[in-house]
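# Architecture and fold: a report
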Amino acid sequence: MKNTIGTSIQLTVFGESHGPAVGAVLDGLAPGIPVDEAFIASWLSRRRPSGRTDTARVEKDEFRILSGVCDGHTTGSPLTIVIPNADTRGSDYAAIQDIARPSHADYAAQAKYHGFQDKSGGGHFSGRVTAGIVAAGAVCLKALERRSIFVGTHILSCGGVADEAFGPDCEAQICSLEGRPFPVLSDVAGAMEDRIAEARSCGDSLGGIIQTAVSGMPAGVGEPWFDSLEGVISRAVFAIGGVKGIEFGLGFGFGSVRGSEANDPFRMRDGRVVTLTNNSGGINGGISNGMPIVFNMAVRPTPSIALPQQSVDFVRGADAELRIKGRHDPAIVRRICPVVTCMVAAVLCDQLALRFGTDWLAG
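What counts and what doesn't
Residues numbered from 1 in each chain as written. Predicted model: local features only at pLDDT ≥ 70, side-chain atom pairs only at ≥ 80, totals over all residues. Heavy atoms only, no water. Helix = DSSP H or I, 4+ residues; strand = E, 2+ residues; numbered from the N terminus. Rg over C-alpha atoms; globule rule 2.2 N^0.38 Å. Buried < 20%, exposed > 50% of the residue type's maximum accessible area, 1.4 Å probe, protein only. Contact = heavy atoms within 4.5 Å. Areas by Shrake-Rupley, 256 points an atom, 1.4 Å probe, with all protein chains shown as cover. Phe/Tyr/Trp six-rings, centres within 6.5 Å; stacked < 30°, edge-to-face > 60°. Lys NZ or Arg CZ within 6 Å of the ring centre and 35° of its normal. UniProt positions renumbered as here; feature names shortened; annotations may be inferred. Pairing = 2+ DSSP bridges. Expected span 1.5 Å × (residues − 1).

### A word on the overall build of the protein
For the protein, the count of helices and strands is eight helices and 18 strands. Relative to a compact globule of 363 residues, whose C-alpha radius of gyration would be 21 Å, the protein shows 21 Å and is just as compact. If one aligns the C-alpha atoms of the protein with their principal axes, the spans along those axes are about 65 × 50 × 35 Å. Buried positions account for 51% of the 363 residues belonging to the protein. Within the protein, contacts between residues separated by at least 24 positions form 71% of all contacts whose residues are at least 6 apart in sequence. Of the roughly 16,300 Å² that the protein leaves accessible, carbon and sulfur atoms contribute 52%.

### Thoughts on the packing of aromatic side chains
As enumerated under the stated definition, the model contains six aromatic pairs in all. With centroids separated by 6.4 Å and ring planes inclined at 50 degrees, the aromatic side chains of Tyr107 and Phe314 adopt a geometry described as tilted. In this pair, Tyr107 is assigned in helix H2 (residues 106-113) and Phe314 in the loop between strand E17 (309-313) and strand E18 (318-322), connecting sequence segments 207 residues apart. Here Phe314 falls in the buried class, since its relative accessible area comes to 16%. For the cation-ring pair, Arg46 lies above Trp43, with the distance from its terminal atom to the ring centre recorded as 3.7 Å. The positively charged end of Lys142 is found above the aromatic ring belonging to Phe39, 4.2 Å away from the centroid.

### Some points on the UniProt feature "binding site: FMN" (unreviewed entry) in the protein
The feature "binding site: FMN" (unreviewed entry), as given by UniProt, occupies His124, Phe125, Ser126, Gly285 and Arg327 in the numbering adopted here. Relative to the helices and strands, Ser126 resides in the loop between H2 and helix H3 (130-145). Classification of Ser126 by relative accessible area gives buried; the value is 14%. Here Ser126 is in contact with Ser17 and Gly121, once residues within four sequence places are set aside. Its place among the elements puts Gly285 in the loop between strand E14 (283-284) and strand E15 (287-288).

### Examining the pairing of E17
Residues Gln309, Ser311 and Asp313 point to one face of E17 and are all buried, whereas Gln310 and Val312, pointing to the other face, are not buried. With five bridges joining them, E17 and E18 adopt antiparallel strand pairing. Within E18, the residue paired with Asp313 across the bridge is Ala318. Taken together, E17 and the strand that follows it, E18, pair antiparallel across an intervening segment of four residues, in which Gly317 is found at a positive phi of about 70 degrees.

### What about H3?
For H3, spanning 16 residues, the distance from its first C-alpha to its last is 22 Å, which sits close to the expected 22 Å at 1.5 Å a residue. Judged by how many residues are buried, H3 sits mostly within the fold: 14 of 16 residues are covered.

Here is the structure:
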């Protein structure tokens, strides 16, 4: 089981949905990076369920930093964060532990781990494990902000309701998401919540499109070919359950325009190279070009729905009908936004450390 990502700065996740705890380890951070526990808590609160469009399972996320921090700064040793699970109900899954929930990892995990996996609530495959990503990623976000690099994610569309997109000067838009319980840039939160609540009332769920932007990223970060910046970001983002597609810049839109429309013209502005458009999403040849990195992700509807579904009992080898009970989100597009932001922050810290050295983040 591979649970670590990164080369210079590595992120490892651990824990299960209804186990004692979840958490993360950041290894390779330079000494001297400030660690603000209130900042970590604020990011965990963005991920926490908080309204009519979220699961009824509400964990307090009272995390503990076990190592790697002294007097509010990193020490250079592995930074370990543990987040206890308190609101657990593993018994909710006892009756269906051998029945594959459609579009969940139940059967795939059975095929790989032969029944030894934790089956309660998806075990290690659960979205609960992303709490560790958020806690560790918040440390990375604070380090990036000290270098004037900002990362933000919002819901671009959900249930037929669209938000405005990140623009070419997106730092202000990223910062405007601070403190918003529903991560959108315009006044569409209520309409999106209504669509999600409507799906929930029918026993169903919704997906959506989310968009991430990175402002302040210096040019020259990343590698050509197999370690392209798009590639390492995509690999990290696809580790988050529910993300099923990604496009950078104009993305699939490139297939319906001419080169004269798709190309980003270069100009000099205030002594630096810029592009007049950003169809490439801030990356050329796998390497950052100094413009904002912008990409969209498709998030699938939550697989756990209250409607009857056809399935199989993979232990008895028989067809079965499934009715899922318990506490589930009718849509994960809101809560996945801070997870993506924090995951991307960890990836960027790794890429920047590879380019400029680990001490660059502490400078």
